[in-house]
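The primary structure of each chain is shown beneath.
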Amino acid sequence: MFRIKIPATSANLGPGFDCMGMALQLYNTITIEKNRPFRISLAGSYRDGIPADESNLVWRTMCHFWDLIHYPTPTLDLTFENCIPPARGLGSSSAAIVGGLVAANLIAGSPYTKLELLQVADALEGHPDNVTPALYGGVTLSVPTERGVLPRILVQSPNLKAVVTIPDTHLNTKRARGILAPEVHRKDAVFNISHASLLTEAFIREEYSLLKEGMRDALHQNQRASLIPGLLETLEAALQTGAYGAALSGSGPTLLALIPNSSKSDVPQSMVTTLRNHGINAESMVLEIDVNGASSSVTR
């Protein structure tokens, strides 16, 4: 029996559009029994709308990998426990892709390194901001190069926690990306380059007072505000109640705030209340940063 655990992720972190992300201690789990008749079972908090047949994204990813390496498709009994909410900006599709690749690689005898798996995951997902932290853990930077994605871990275990405030509504990534203009103004590009650089320094030096400015963005958050009523006001409420910094999580609708590791915080309630004032119900969770990325274990 194989078990693979894959963390949720928060991408962009403000200005790091499509290249920065963070792994969180909220997990999907894949359990696999070999040499059994094919079956997919679903468990966990999020099962509605998840297919339990060959169209499942985890299974399709596993088959893609085996086709890639010319490995015969085995017969398996699979259980997918889904605790990452789908279509909320917490990397559920990346968790499925990364989990499927790690599982398929393990079953095939681990012919691919983690770096090689990242290249396959990036090709399937279309951008590496979620798949890199899902594989490596911590806070990551993904650099596109001629040879593929170069992953860098800015900090493995930052001394802070993440508040994820999850509205009771879905937001399709394709729709959230479609609202963005195909070109950006030079001043906005300069703004994001400088703020992403400041964000990088904040994590490397652990100078978290820089996160308030470092997590500001000019490329996507204001544009997506029309899709999430109260977005900007909720981020400001987080800052006013003690968050180091705050940003839209991925393409949303989840909102992310980073808070001190040691104290009780008013940030979660302030974010929930602000969204409620805009007619949106939400729940808020305080999560530790995942330091391992996707992990696997084998039991007999």
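Read on for an overview of the structure. (Residues numbered from 1 in each chain as written. Predicted model: local features only at pLDDT ≥ 70, side-chain atom pairs only at ≥ 80, totals over all residues. Heavy atoms only, no water.)

## A short note on the side chain of Asp129
Mapped onto the elements of the fold, Asp129 is located in the loop between α3 (114-125) and α4 (131-136). Reaching out from Asp129, the side chain makes a polar contact with the side chain of His127 at a distance of 2.8 Å. If sequence neighbours within four positions are ignored, Asp129 has contacts with Ala11, Asn12, Asp18, Cys19, Met20 and Gly21. (Helix = DSSP H or I, 4+ residues; strand = E, 2+ residues; numbered from the N terminus. Polar contact = N/O pair within 3.5 Å; in protein donor to acceptor, adjacent residues only side chain to side chain. Contact = heavy atoms within 4.5 Å.)

## What to know about the sheet that holds strand β9 (residues 255-260)
In any sheet, the strands associate via hydrogen bonds between backbone groups, in a parallel or an antiparallel arrangement. Read from one edge of the open sheet, four strands run β8-β9-β7-β10, paired in antiparallel fashion. A strand with exactly one partner marks an edge of an open sheet, and here the two such strands are β8 (245-248) and β10 (282-287). Recorded for the sheet is a direction-independent mean angle of 20° between the axes of neighbouring strands. Pairing of strand β7 (residues 160-167) with β10 involves six bridges; the strand directions are antiparallel. Within β10, the residue paired with Ala162 across the bridge is Leu287. Sitting on the sheet, helix α9 (residues 231-240) touches β8 and β9, and the angle it makes with β8 is about 160°. (Pairing = 2+ DSSP bridges. Axes fitted to C-alpha atoms, helices over the stretch in contact; angles between N-to-C directions.)

## Notes on the packing of helix α2 (residues 92-107) against α3
Packing of α2 against α3 leaves a shortest axis separation of 10 Å and a crossing angle of 140°. The angle between the axes of α2 and α3 places the two elements in the oblique class. Of the two elements, α2 crosses α3, and the hand of that crossing is right-handed. Between α2 and α3, the contacting residues are Ser93, Ser94, Ile97, Leu101, Val102 and Asn105 on the first element and Leu117, Val120, Ala121, Leu124 and Glu125 on the second. Residues that form the contact of α2 with α3 fall into these classes: seven nonpolar, three polar and one charged. (Parallel < 35°, antiparallel > 145°, perpendicular 65-115°, else oblique. Left-handed = near helix turned anticlockwise from the far one by under 90°. Nonpolar A, V, L, I, M, F, W, Y, C, P; charged D, E, K, R; others polar.)

## A look at the packing of aromatic side chains
This model, assessed by the stated rule, comprises five aromatic pairs. Ring plane angle 85° and centroid distance 5.0 Å describe the contact between Phe65 and Tyr112, whose orientation is recorded as edge-to-face. With Phe65 in helix α1 (residues 57-69) and Tyr112 in the loop between α2 and α3, this residue pair connects regions lying 47 residues apart in the sequence. Arranged with centres 5.4 Å apart and planes meeting at 45°, the rings of Tyr208 and Tyr244 form a pair that is tilted. You can see Tyr208 sitting in the loop between α6 (186-205) and α7 (211-214) and its partner Tyr244 sitting in the loop between α9 and β8, a full 36 residues away along the chain. The exposure class assigned to Tyr208 is buried, which follows from its relative accessible area of 6%. Here the aromatic residues Phe38, Trp59, Trp66 and Tyr71 are joined through ring pairs into a cluster of three or more. The ring of Tyr27 carries Lys5 above its face, with NZ or CZ at 4.5 Å from the centroid. For the cation-ring pair, Lys114 lies above Tyr136, with the distance from its terminal atom to the ring centre recorded as 5.1 Å. (Phe/Tyr/Trp six-rings, centres within 6.5 Å; stacked < 30°, edge-to-face > 60°. Buried < 20%, exposed > 50% of the residue type's maximum accessible area, 1.4 Å probe, protein only. Lys NZ or Arg CZ within 6 Å of the ring centre and 35° of its normal.)

## Notes on the layout of surface pockets
Each pocket or cavity is described by its volume, and for the largest pocket that value is around 410 Å³. If you trace the largest pocket, you find 25 residues lining it, with Ser93, Glu125, His127, Thr173 and Ser251 closest to the centre. Counting residues per element, the ones that place at least two in the lining of the largest pocket are α2 and α5 (173-178). A class-by-class count of the residues in the lining of the largest pocket yields five nonpolar, 13 polar and seven charged. (1 Å grid on protein atoms, 1.4 Å probe; cavity = no way out; pocket = protein on both sides within 12 Å on 5 of 7 lines; lining within 4 Å. Points joined across faces, edges and corners; volume = space filled by probe spheres on them.)

## Observations concerning helix α10 (residues 267-277)
Taken residue by residue, α10 has Val267, Pro268, Ser270, Met271, Val272, Thr274 and Leu275 as its buried positions. Where α10 is buried, its residues meet β7, α9, β9 and β10. Backbone geometry just downstream of α10 places Gly279 in the positive-phi region, at approximately 80°.

## Observations regarding the pattern of salt bridges
With the rule as written, the count across this model stands at six salt bridges. Here Glu201 ties to Arg205 by a salt bridge, and the two come within 3.1 Å at their closest N and O atoms. You can see Glu201 and its partner Arg205 sitting in helix α6, four residues apart, about one turn around the helix. Glu201 gets classed as partly exposed once you look at its relative accessible area, which sits at 32%. Across the pair Glu213 and Arg216 runs a salt bridge whose closest N-O atoms are separated by 2.8 Å. Of the residues examined, Arg216 reaches a relative accessible area of 42% and is grouped as partly exposed. (Salt bridge = Lys/Arg side-chain N within 4 Å of Asp/Glu carboxyl O.)

## Quick notes on the pairing of strand β4 (residues 76-82)
With five of seven residues buried, β4 is to be regarded as a mostly interior element. As paired elements, strand β2 (residues 20-34) and β4 share six bridges and run antiparallel to each other. Following the sheet pairing, Thr31 is matched in β4 by Thr79. As defined by bridge partners, strand β3 (residues 39-44) adjoins β4 across six bridges and the pair is classed as parallel. By the bridge assignment, Arg39 is partnered in β4 with Asp77. With α1 bridging β3 and the parallel β4, this β-α-β connection has left-handed handedness. (Right-handed = clockwise from strand over helix to strand, strands pointing away.)

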